[in-house]
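Letter by letter, the chains look like this.
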Amino acid sequence: MKKTLIAPSVLAADFANLQRDIEMINHSEADWFHIDIMDGVFVPNISFGMPVLEAISKHAKKTIDVHLMIIDPDRYIKTFAQLGSTNLTVHYEACTHLHRTLQAIKAEGMKAGVALNPHTPVSLLEDIINDIDLVCLMSVNPGFGGQSFIEKTYKKVKELKEIITRNNASTLIEIDGGVTNRNAKQLAEAGADVLVAGNFVFKAENPTQTISDLKKLLNN
Ligand code: DX5
Ligand code: ZN
């Protein structure tokens, strides 16, 4: 059985104790760092930008999974590569020439991801699936942590898995938004490979234990 990965979302960390929270992830059973970059235009919120990512990169010892919720992401591909991003995910809804953008991300040595808003059907990726390393299915409307999970996501995961299998692609499916121990197992069973978890991890009394419990729940 394949292992499901956990990517804690740093957006929910304590920014006054960022190094402490990064070390917590380093020493936990988490697999990736999920980093949300918001521009206040594509989404109605501003998170943080390059200097903060640079600081995170200095301490993070695991895959850095960057989720760009910004318009015109092509302008910053090189910079995100230089700042240590392993994966760079752009929004389908923000890219006019998605194929070109994905090639540009790969040319900088990163894995290329595409995120879909809850209203965007997975079928739109059929013709480009072999060029995508990671599809991030938004299970909330992007912009804020701590929202509730949209149930329709299970169906989208299954449909996307079918597209990936049909095209012999090796694309990973990531779920982002409202992930908890109540939906994690069902998401993995539907075909999810990576689960992002922000508030569920960082607002827990013991984040390290919460990550470990989630891993156990998923991979036993
Ligand atoms: C939402 C972000 C998510 C968010 C997840 O726009 O893309 O990554 O941080 O946070 P939770 O798990 O709290 O919904
Ligand atoms: Zn995200």
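The rules behind each value
- Residues numbered from 1 in each chain as written.
- Chains lettered and ligands numbered in written order.
- Predicted model: local features only at pLDDT ≥ 70, side-chain atom pairs only at ≥ 80, totals over all residues.
- Helix = DSSP H or I, 4+ residues; strand = E, 2+ residues; numbered from the N terminus.
- Buried ≥ 20, exposed ≤ 12 C-beta atoms within 10 Å, placed from the backbone.
- Contact = placed C-beta atoms within 7 Å.
- UniProt positions renumbered as here; feature names shortened; annotations may be inferred.
- Pairing = 2+ DSSP bridges.
- Right-handed = clockwise from strand over helix to strand, strands pointing away.
- Expected span 1.5 Å × (residues − 1).
- Axes fitted to C-alpha atoms, helices over the stretch in contact; angles between N-to-C directions.
- Near = placed C-beta within 6 Å.
- Nonpolar A, V, L, I, M, F, W, Y, C, P; charged D, E, K, R; others polar.

A.B. asks: Explain the environment of Trp32 here, please?
C.D. replies: Structurally, Trp32 is set in strand 2 (residues 32–38). Owing to 22 C-beta atoms within 10 Å, Trp32 belongs among the buried residues under this scheme. Linking Trp32 and Asp176, residues 144 residues apart in sequence, is a C-alpha distance of 13 Å. With residues near it in sequence (within four places) discarded, Trp32 still touches Leu5, Ala7, Lys62, Thr63, Asp65 and Val194.

A.B. asks: What's the story with the UniProt feature "binding site: substrate" (unreviewed entry) in the chain in this structure? I'm lost.
C.D. replies: The positions that UniProt labels "binding site: substrate" (unreviewed entry) are, in the present scheme, Ser9, His67, Gly143, Phe144, Gly145, Gly146, Asp176, Gly177 and Gly178. Within the secondary structure layout, Ser9 lies in the loop between strand 1 (5–8) and helix 1 (18–27). On the neighbour-count criterion, Ser9 (24 C-beta atoms within 10 Å) is buried. Setting aside residues up to four positions removed in sequence, Ser9 forms contacts with His34, Asp36, Gly145, Val196, Ala197 and Gly198. Along the chain, the position of Gly145 falls in the loop between strand 6 (134–138) and helix 5 (153–166).

A.B. asks: Mind showing me how you'd approach the pairing of strand 4 (residues 87–91) here?
C.D. replies: The side chains of a regular strand alternate between the sheet's two faces. Taken across its five residues, strand 4 has five buried, putting it largely inside the fold. Residues Asn87, Thr89 and His91 of strand 4 are buried on one face, and the alternating residues Leu88 and Val90, pointing to the opposite face, are buried as well. Inspection of the sheet shows strand 3 (residues 63–69) paired to strand 4 by three bridges, in the parallel sense. Bridge pairing in strand 4 links His67 to Thr89. At this point the chain moves from strand 3, through helix 3 (residues 77–82), to the parallel strand 4, and the crossover so formed is right-handed. In the sheet, strand 4 pairs with strand 5 (residues 111–116) via five bridges, with the strands oriented parallel. Within strand 5, the position partnered with Val90 by the bridge is Val114. With helix 4 (residues 98–107) bridging strand 4 and the parallel strand 5, this β-α-β connection has right-handed handedness.

A.B. asks: Whenever I open this one, helix 5 confuses me. Can you help?
C.D. replies: Because each turn of an α-helix spans 3.6 residues, side chains separated by three or four positions in sequence point in the same direction. Taking 1.5 Å as the rise per residue, helix 5 with 14 residues should run 20 Å; its terminal C-alpha atoms sit 20 Å apart, in good agreement. Those residues of helix 5 that are buried are in contact with strand 6, strand 7 (172–176) and helix 6 (184–190). One or two positions beyond helix 5, positive phi appears at Asn168, with a value near 55°.

A.B. asks: Where do I start with the sheet that holds strand 7 in this structure?
C.D. replies: Two pairing modes exist for strands in a sheet, parallel and antiparallel, and in both the strands are linked by backbone hydrogen bonds. Across the sheet, eight strands lie side by side as 1-8-7-6-5-4-3-2; this open sheet has parallel pairing. Every other strand in the sheet has two partners, leaving strand 1 and strand 2 as the edge strands with one partner each. Between one strand and the next, the sheet's axes are offset by a mean angle of 25°, whatever the strand orientation. Bridge count for strand 2 against strand 3 is seven bridges, and the pairing is parallel. In the sheet register, Phe33 faces strand 3, and the bridge partner there is Ile64. Each of strand 4 and strand 5 touches helix 4; the most contacted strand, strand 5, lies at about 145° to it. This element, helix 5, spans strand 6 and strand 7 of the sheet and lies at about 160° to strand 6.

A.B. asks: Would you mind going over the site of ligand 1 with me for this structure?
C.D. replies: Neighbouring ligand 1 are 22 residues, the closest being Ser9, Pro142, Gly145, Gly198 and Asn199. At the level of elements, strand 2, strand 8 (194–197) and helix 7 (199–202) are the ones that each hand at least two residues to the shell around ligand 1. Here the residues of the shell around ligand 1 sort into nine nonpolar, 11 polar and two charged.

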